[in-house]
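In case you want the letters, here they are:
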Amino acid sequence: MRMNLVASALAVVASACLAGRAAAYEAVAVADGGTLSGTVKYEGTLPPPTKIEVTKDPEVCGKEKTAPNLVIGQGNGLANVVVAVQATKGKKMEPPAQNPGFDQKTCEFRPHILAFPAGSTIDVTNSDGILHNIHTTSTVNPSSNQAQPKFKPKIQIKVEKPEWPISVKCDVHGWMSGYWVSQEHPYFAVTDATGSFKITDLPPGDYKVELWQEKLGKKTMPVTIKAKDETKVAWTMGGK
Ligand SMILES: [Cu+2]
């Protein structure tokens, strides 16, 4: 009996170690999934927008830009927040029907935050007709550094493994910035211009949800998802 107890205690420790090392996502059928929806709003006194002086190619880029690192919309809705449920099992991640697109237009990356399933091939386009040089900084995936002159309209970059945020810059225009978010499961979203998001088909249960905004950092919120029900949240990030 005592030996059994010791053995099962060891087994628990061993499996905990394995979980800690691998923490692999398990794809299962989700018949009674729930929805997480809501908003992320900026809390506190609104900061004035940061202006960026354009120092190159103003005929295409414009003369001045507003920094994209803190975009606050109507009702203080916070755009471009990555909302990632820390799920360990659930729906199988389906590859996107179309390659996610990442454009360079008026010397800005569009979208500013691109979230996609790991294994996606990103179609990097250049709508500007001037030289850009996309430069990603990865630690898990290979980084990419490629010039894209106007006669080279599309570059394809495959992002094999989950990793986020991956910083994206342009080596020609120092103000251009964006982020890629490569996820191993489908339970993530990026807030829209009003700070809204929606994540569906979550297996019922208690979760931690990670919020990430490039300037404000990370925040973790708990939620409970109920079968075939919608959990609505109103979260805040930011100032005091
Ligand atoms: Cu550029």
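This text follows the structure it describes.
Summarised in this report is the structure supplied together with it. Everything numeric here is computed off the predicted structure, so don't read it as measured data. (Residues numbered from 1 in each chain as written. Predicted model: local features only at pLDDT ≥ 70, side-chain atom pairs only at ≥ 80, totals over all residues. Heavy atoms only, no water.)

1. As for the coordination of the copper ion
Stated formally: Here a donor is an N, O or S atom found within 2.8 Å of the metal, or within 3.2 Å if the metal is Na, K or Ca; sites may look incomplete because water is not among the atoms. Square planar and octahedral sites, with four and six donors, are those where opposite donors lie more than 155 degrees apart and all other angles lie between 65 and 115, tetrahedral sites have four donors with every angle between 85 and 135 degrees, and the rest are irregular. Under the DSSP-based scheme used, a helix requires at least four consecutive residues in state H or I and a strand at least two consecutive residues in state E, with every element numbered from the N terminus.
Donor atoms from the polypeptide that coordinate the copper ion comprise His-132 (ND1), Cys-170 (SG), His-173 (ND1) and Met-176 (SD), at 2.0 to 2.7 Å from the metal. Here the copper ion binds 4 donor atoms, and the angle range of 95 to 133° at the metal identifies the geometry as tetrahedral. All donors to the copper ion come from one chain, and their sequence spacing reads H-x37-C-x2-H-x2-M. Of this pair, His-132 sits in strand β11 (residues 132-137) while Cys-170 sits in strand β14 (residues 163-170), and the two are 38 residues apart along the sequence.

2. Topic: the packing of aromatic side chains
As a reminder of what qualifies: Side-chain rings of Phe, Tyr and Trp (the six-membered ring for Trp) are treated as a pair once their centres are within 6.5 Å; stacked means planes under 30 degrees apart, edge-to-face means over 60, and tilted covers the remaining angles. Between buried and exposed lies partly exposed: a residue is buried under 20% and exposed over 50% of the maximum accessible area for its type, with that area taken using a 1.4 Å probe on protein chains only.
This model, assessed by the stated rule, comprises 6 aromatic pairs. For the ring pair Phe-102 and Trp-180, a centre distance of 5.3 Å and an interplane angle of 85° mean the geometry is edge-to-face. Of this pair, Phe-102 sits in strand β7 (residues 101-105) while Trp-180 sits in strand β15 (residues 177-183); the two residues are 78 residues apart in sequence, bridging distant segments of the chain. Like Phe-102, the residue Trp-180 is buried in the burial classification. Between the aromatic rings of Phe-116 and Trp-180, the centroid separation amounts to 6.2 Å while the plane-to-plane angle is 80°, which identifies the pairing as edge-to-face.

3. Here we look at the layout of surface pockets
Worth spelling out the cut-off: Residues are said to line a cavity or pocket when one of their atoms sits within 4 Å of a point; the points come from a 1 Å grid over protein atoms alone, cavities being sets where a 1.4 Å probe fits but cannot get out and pockets being open sets with protein on both sides within 12 Å along at least five of seven lines. Grid points are joined across faces, edges and corners, and a volume is the space filled by probe spheres set on the points.
One number sums up the size of the largest pocket: a volume of about 220 Å³. Considering the residues around the largest pocket, the lining is formed by 15 residues, among which Val-85, Gln-86, Gln-183, Glu-184 and His-185 are closest to the centre. Quantified by volume, the second largest pocket comes out at close to 180 Å³. For the second largest pocket, the full set of lining residues is Pro-47, Pro-48, Pro-49, Thr-50, Thr-66, Ala-67, Asn-69, Leu-70, Val-71, Ile-72 and Lys-215.

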